[in-house]
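Residues per chain are reported as follows:
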Amino acid sequence: MSNKYDVIVIGSGPAGYVAAIRAAQLGLKTACVEKWRDKDGKGVNGGTCLNVGCIPSKALLDSSHKYHEAHAAFGGHGISTGDVQIDVPSMIKRKDKIVKQMNSGISGLFKANKVDSLFGSGKLLAGKKVQVIDADGNESVYEAENVILASGSVPVNIPPAPVDGEVIVDSTGALEFQEVPERLGVIGAGVIGLELGSVWGRLGSKVVCLEALDSFLAIMDQTIAKEAKKILTKQGLDIRLSCRVTGTEVVEKGGKKEVVVTYTDQDGKDATETFDKLIVCVGRRPFTDGLLSEDCGVKLDERGSIYVNDLCSTSAPGVWAIGDVVRGPMLAHKGSEEGVMVAERIAGEKTVMNYDIIPNVIYTHPEIAAVGKTEEQLKADGEEYKVGTFPFIAIGRAVAADEGEGMVKMIAHEKTDRVLGCHIVGPNAADLVQQVAIAMEFGSTAEDIGLTVFGHPTFSEAVKEAALAVNGHAIHMPNRKKR
Ligand code: FAD
Ligand code: AMP
């Protein structure tokens, strides 16, 4: 193997592996360095997303949803199942199998595209050299015309709740419980906290989410956030806002460990709550430990992210950075698109990325999904806008599926009618919002979506009706304003 490359990517998460594949497709000699090891100590590609993030969390969300349906919903369809049981170790094993399958999928793609996979810790040295130290401590140095840094992010730790991996865990630990905790605490009612709280709540945990902020899902459109909070609370998630965790103590009781959590409550008073497990989900931070030599020329910003411009160039010529380690939302698909943009730029193309249209999904049930601007953002920007909302309860397909909760909210420019945002809590919200993202990429108006023929009966009809409602033309509900 020669030690000279056109492109070396450090990190094989969804940002890095996509960049590597695209670079290789464009004829560039490419290597991807990865230090992740699986439970058997084998080097694997895929990063947080594949190993401990998007994919395993969705595997457990799907398993727990099926259990919950069998337990609580099948009866309504006339299906009796007897006493439904959950075998947690089997559920976790299934999740591990899925992760393995996807790991080998990426290895297969690397082989097919002739990307060299280098397992070890990568460090950027001056002059676009990359040092790789493998699991046995062997050092190699490679040279590249271009280096792409894609080292991702790790969970944030907070001093009041130090993760011990047993009673107090982070998101990774919460994917490994071998039994259903009776009392489960979650610090942070954000995206990851709500997903993991939902998994264990559906399986029977009594879940309390302690959230420091006074508004729920502060960055989402608040009409949708309020509706989502109502639905999730009805499902049994005890979401307590304005509750800041200030301390934890792990104690033994009856031969079992539990954790006493202290927090300041909504009234500013000290309160405590005891849990069998506590998940700390207070966000993620960019990860650059051991990545950069002092003289490599790459600068960090004030948040510890690698500083990049709009095209993901760092402060060092020929060095790029993408994904969670740079500014912007920490989402797998955002990093992947940056990876494509950078690979194509290196190959001499003029690709740019549209940061204004990045869908964002929370995989609760029902899902919560958004694209574009929220009403709150538009108000703050002084934009003129109009809104159409449509509830799933008026959609035949949703009623037939017992999925009538939630709504679609479409926002368009008051004068041009151009769609500015779409926010959904409801069945298949992730896929529905994607339809609007495509429409927005093509500069669609609300009228364009309203004039599109939608299949019947589909959940998607709620998107069409919300678009019609923007201009007062919804068919399956009375319109507040007629235009
Ligand atoms: P990562 O996926 O973090 O990958 C970085 C890789 O770089 C890692 O494999 C790491 O080992 C490697 N690395 C770091 N430093 C070095 C080095 N010096 N040498 C060699 N290798 C190195 N996002 C979504 O879009 N949708 C979701 O549904 C979703 N669900 C999530 C659920 C959970 C529980 C979590 C934790 C995250 C979730 N995310 C989700 C976020 C998503 O996982 C991240 O946004 C995404 O993984 C970031 O991709 P990345 O390639 O930038 O970094
Ligand atoms: P996200 O950024 O979506 O992962 O959400 C993380 C959430 O954790 C945010 O809503 C924070 O407000 C919340 N958070 C951070 N620190 C604390 C704390 N000490 N107690 C409770 N919630 C917290």
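The coordinates are above.
Residues numbered from 1 in each chain as written. Chains lettered and ligands numbered in written order. Predicted model: local features only at pLDDT ≥ 70, side-chain atom pairs only at ≥ 80, totals over all residues. Heavy atoms only, no water.

A. Inspection of the site of ligand 1 at higher detail. E34, T48, K58, G122 and D324 are the nearest of the 38 residues found near ligand 1. Measuring from an oxygen atom of ligand 1, one finds a side-chain N or O atom of K58 at 2.7 Å. One of the backbone nitrogen or oxygen atoms of M330 is found 3.3 Å away from an oxygen atom of ligand 1. Elements with a contribution of two residues or more to the shell around ligand 1: α1 (14-25), β2 (30-34), α2 (47-52), α3 (54-73), β4 (121-125) and α7 (332-346). The element contributing the most residues to the shell around ligand 1 is α2, with four residues. (Near = heavy atom within 4 Å. Polar contact = N/O pair within 3.5 Å; in protein donor to acceptor, adjacent residues only side chain to side chain. Helix = DSSP H or I, 4+ residues; strand = E, 2+ residues; numbered from the N terminus.)

B. A look at the sheet that holds strand β18 (residues 360-362). Taken in spatial order, the five strands make up an open sheet running β18-β19-β22-β21-β20, and their pairing is antiparallel. With partners counted over all chains shown, the strands left at the sheet margins are β18 and β20 (385-391), one partner each. Neighbour to neighbour, the strand axes of the sheet diverge by 10° on average, direction disregarded. By the bridge criterion, seven bridges tie β20 to strand β21 (residues 407-413) in an arrangement that is antiparallel. Looking at the pairing, T389 lines up with K409 of β21. Sheet contacts for helix α6 (residues 222-234): β19 (367-372), β21 and β22 (419-426); angle to β22, the most-contacted strand, approximately 5°. (Pairing = 2+ DSSP bridges. Axes fitted to C-alpha atoms, helices over the stretch in contact; angles between N-to-C directions. Contact = heavy atoms within 4.5 Å.)

C. How the structure looks around the state of the cysteines. Per the counting criterion, the structure on display carries zero disulfides. In this model C32 remains outside any disulfide bridge; the closest cysteine sulfur is found in C49, 14 Å from its own. The exposure class assigned to C32 is buried, which follows from its relative accessible area of 0%. A disulfide-free cysteine, C281 has its sulfur positioned 8.6 Å from the sulfur of C209, the nearest such atom. (Disulfide = S-S within 2.5 Å. Buried < 20%, exposed > 50% of the residue type's maximum accessible area, 1.4 Å probe, protein only.)

D. Up close: the pattern of salt bridges. Enumeration according to the criterion identifies 22 salt bridges in this entry. A salt bridge links E258 to R183, with the shortest nitrogen-to-oxygen separation between them at 2.8 Å. Here R183 lies in strand β9 (residues 183-187) and E258 lies in strand β13 (residues 256-264), a separation of 75 residues in the sequence. Across the pair R327 and E338 runs a salt bridge whose closest N-O atoms are separated by 2.9 Å. Of this pair, R327 sits in the loop between β17 (319-321) and α7 while E338 sits in helix α7; the two residues are eleven residues apart in sequence, bridging distant segments of the chain. Here the residues in one salt-bridge network are K39, K95, D96 and E176, joined through shared partners. (Salt bridge = Lys/Arg side-chain N within 4 Å of Asp/Glu carboxyl O.)

E. Layout of the pairing of β22. Counting buried positions along β22 yields seven of eight residues, so the element is predominantly enclosed. As paired elements, β19 and β22 share six bridges and run antiparallel to each other. Bridge assignment links A370 to a residue of β22, and that residue is H423. In this structure, β21 lies alongside β22, joined through six bridges in antiparallel fashion. Bridge pairing links M410 to C422 in β22. Here β21 folds back onto β22, and the loop between the two strands holds five residues, one of which, D417, carries a positive phi near 70°.

F. Local environment of the packing of aromatic side chains. Enumeration according to the criterion identifies two aromatic pairs in this entry. Summarising the aromatic geometry, the rings of Y5 and Y142 are spaced 6.1 Å apart at their centres and angled 55° between planes, so their arrangement reads as tilted. With a gap of 137 residues between them, Y5 in strand β1 (residues 4-10) and Y142 in strand β6 (residues 139-149) connect regions that are remote in the sequence. Y142 matches Y5 in its accessibility class, with the two residues each being buried. (Phe/Tyr/Trp six-rings, centres within 6.5 Å; stacked < 30°, edge-to-face > 60°.)

G. Looking closely at the nonpolar core. One finds L194, W200, F216, L217, I239, I279 and I368 to be the most contacted residues of the largest nonpolar core, which totals 41 residues. It is α6 that contributes the most residues to this core, five residues altogether. The residues contacting L194, other than those within four sequence positions of it, are A189, F216, L217, L232, L237, I239, I362 and T364. The next biggest cluster of nonpolar side chains, apart from the first, holds 31 residues, and it includes C422, A429, L432 and V433. (Core = buried A, V, L, I, M, F, W, Y, C linked by side-chain atoms within 4.5 Å.)

H. How the structure looks around the packing of α1 against α7. Packing of α1 against α7 leaves a shortest axis separation of 7 Å and a crossing angle of 30°. As summarised for this structure, α1 and α7 are arranged roughly parallel, according to the angle between their axes. For the pair α1 and α7, the crossing hand works out as right-handed. For the pair α1 and α7, the contacting residues are P14, A15, V18, A19, R22 and A23 in the first and A332, G335, S336, G339, V340, A343 and E344 in the second. Grouping the constituent residues of the contact of α1 with α7 by class yields eight nonpolar, three polar and two charged. (Parallel < 35°, antiparallel > 145°, perpendicular 65-115°, else oblique. Left-handed = near helix turned anticlockwise from the far one by under 90°. Nonpolar A, V, L, I, M, F, W, Y, C, P; charged D, E, K, R; others polar.)

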